Each structure stands twice: as C-alpha cells, then as structure tokens.
Amino acid sequence: MPRNCPRRPGRIILAVTTTFFCMVVFFNPAIATQLQWPDKRPVVVIDPGHGGADSGLSGLMGKLEKKAALDFSKTLAEVFKSKFKVVLTRDDDYNVDSDQRAGIANRKGGRVFFSIHAGTGKYPNRDSITIFVIKPDSFRQGGLCRRADSPALALWHRNQLKYLTASLRLAETLASEFERSLPESIKISIRQAPVLVLRGVKAPAVLVEIGFLLNGRKDKDLDNAALEHKLVQAWFEAVKIFLKHP
Ligand SMILES: [Zn+2]
C-alpha cells in the first residue's frame, strides 16, 4: 500500500501567501519601484538657468532664455540617462535661488554640475560657447562672500574652491570634445568669473553659455537641430571621459 503523503496545511498557506505577495509587488509599479536596487550610477546635475519671474535674455523671435535653457537641459538629460543618474535643479517654469541650486546638487550627491545659459548681452554671440569656472580671486574681493554673510554661509560659499582644479579639468574636457565635434566657426573658450550658482557646489562645476541656444544659428550644411544634436553627443562623451565611464 502506498504511504499517504502527510498533509502540510502550513506549507500550503505559506506558498499561497508568498505567491500572492509576489504578484502584488510585481503588478504594482509603486511597490516595485520602492523595492528596486539603489541606482549606483554617477549623478550628473543639470541646472537650467533662470525660471519663473527671472526670464533671462529674450531672443529675436520672442523665445526666453529660461525656456531655451530648460528645453536644452531636458534634451541633455534624456541622452545622459543611458549611463548616468540625472538630476535637474528645476524641471518647469519656476525660479530657484542660486544657493538652492547648489544645495540640490550637494544633497543628491552630484559628481558633476552643469549650469545652462544662453549668453549675455542683448544679442548673444551665436558663434561662441563659453565655459565658465569659478574665479578664486573674486572671493577675496568680497564679490562672492559678502560681509553680511554669516560665517557658516561664507564657508559654504567657498565649497567650490576645493574643486577648482577638477572644475578646470572638466571645462577642458568639454572644450576639447566640443572642438572635435562642432564646426570650426564656433569659438569655444574657457573663462573664470565670480559665478554665484557655482560657489556652493561640492563637485566639479561649470556654467556653459551656448550662444546659439536662444536665436539659433545656421551653418552651410548644418541646421540648428543637427548642431544641437552634435553638441549634446559631444557633451555626453566629455562626461564619460571625465568620469571614466565607458
Ligand atoms: Zn543666463
């Protein structure tokens, strides 16, 4: 006579409960997201300049710098997402204080920080891209640290000084990739200046003024969308090189 299998109601209940739990988790995106492994990829912070009441420059066709900077930042973020974790300091039309932008970068553990702008003056030079790095001298003159600042704030405003060498290297990496990919007629330069948004950032950080962002630019064989695509790809390569991410 065959032996009767012993009944194990406890095991059956456990199996049913486990199956039910797995189904709930895998079919509920909210729970699944919370249970995902943490994203260990390097964090790239992109800071779209201006926003809200601060429109920045106004383009020839009425386009505002705050919108141009946000649109370009989102395009950049979309490409970067394939290799990096991307944080935008703003993702809509609202203003963020320059120290808050740096604070977001620090809290999110940003490995690099890019502030996106269209340039200066009424008609930004469409044939130039300028990469700004913080200027250490400006701290001594009281330009970036006002007398009214508390000691803690004054110290916080010096965060970027520790990353000056790395920020210059980041600027050089960007410049060399831009020069390799963009038409020769676009002048790429690196400058140091008292840039407020960079002073609190605890990571290599630059502000990039893209002269053709607002008013566009037409080359003989390259329309503006193609030019922007080349710029974004060159930027992506530069970050991979800088962070040594294949
Ligand atoms: Zn600007």
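See the structure shown above.
A few points on the structure.

Basis of the calculations
Residues numbered from 1 in each chain as written. Predicted model: local features only at pLDDT ≥ 70, side-chain atom pairs only at ≥ 80, totals over all residues. Buried ≥ 20, exposed ≤ 12 C-beta atoms within 10 Å, placed from the backbone. Helix = DSSP H or I, 4+ residues; strand = E, 2+ residues; numbered from the N terminus. Pairing = 2+ DSSP bridges. Axes fitted to C-alpha atoms, helices over the stretch in contact; angles between N-to-C directions. Contact = placed C-beta atoms within 7 Å. Parallel < 35°, antiparallel > 145°, perpendicular 65-115°, else oblique. Left-handed = near helix turned anticlockwise from the far one by under 90°. Nonpolar A, V, L, I, M, F, W, Y, C, P; charged D, E, K, R; others polar. Core = buried A, V, L, I, M, F, W, Y, C linked by C-beta atoms within 7 Å.

1. With respect to the pairing of strand β3 (residues 110-117)
β3 sits mainly inside the fold: seven of its eight residues count as buried. Taken together, the five bridges between β3 and strand β6 (residues 205-210) define a ladder with parallel strand orientation. The residue bridging His117 from the neighbouring strand is Glu209, located in β6.

2. Thoughts on the environment of Trp156
Considering the arrangement of structural elements, one finds Trp156 in helix α6 (residues 151-156). Given 18 C-beta atoms within 10 Å, Trp156 falls into the partly exposed group. When the C-alpha atoms of Trp156 and Gly103 are compared, they prove to be 9.9 Å apart, with 53 residues separating the residues in sequence.

3. What to know about the sheet that holds β6
An order of β2-β1-β3-β6-β4-β5 is seen for the six strands of this open sheet, with the pairing classed as mixed. What marks the edges here is a single partner per strand, and that holds for β2 (85-88) and β5 (187-193). Each strand axis lies, on average, 25° off the axis of its neighbour in the sheet, ignoring direction. Relative to β3, strand β1 (residues 43-48) runs parallel, the two sharing six bridges. Counted as the bridge partner of Val44 is Val112 from β3. Taken strand by strand, helix α7 (residues 164-181) contacts β3, β4 (128-134), β5 and β6, and its axis lies near 170° from that of β4.

4. Let's talk about the pairing of β6
Counting buried residues in β6 gives six out of six residues, a clear majority hidden from the surface. Residues Ala205, Leu207 and Glu209 of β6 are buried on one face, and the alternating residues Val206, Val208 and Ile210, pointing to the opposite face, are buried as well.

5. A look at the packing of helix α3 (residues 65-80) against helix α8 (residues 224-242)
With their axes 10 Å apart at the nearest point, α3 and α8 run at an angle of 50° to one another. Accordingly, the angle class assigned to the pair α3 and α8 is oblique. Crossing angle aside, the handedness with which α3 passes α8 is right-handed. Packed against α3, whose contacting residues are Thr75, Leu76, Val79 and Phe80, the element α8 presents Val232, Trp235, Phe236 and Val239 at the interface. Of the residues belonging to the contact of α3 with α8, the class tally is seven nonpolar, one polar and no charged.

6. Overview of the nonpolar core
With 49 residues, the main nonpolar core has Val44, Val112, Phe113, Leu174, Val206 and Val208 as its most contacted residues. Contributions of two or more residues to this core are made by β1, α3, α4 (98-107), β3, β4, α7, β6 and α8. In this structure, Val44 is in contact with Phe80, Phe84, Val86, Arg111, Val112 and Val239, ignoring residues within four places of it in sequence.

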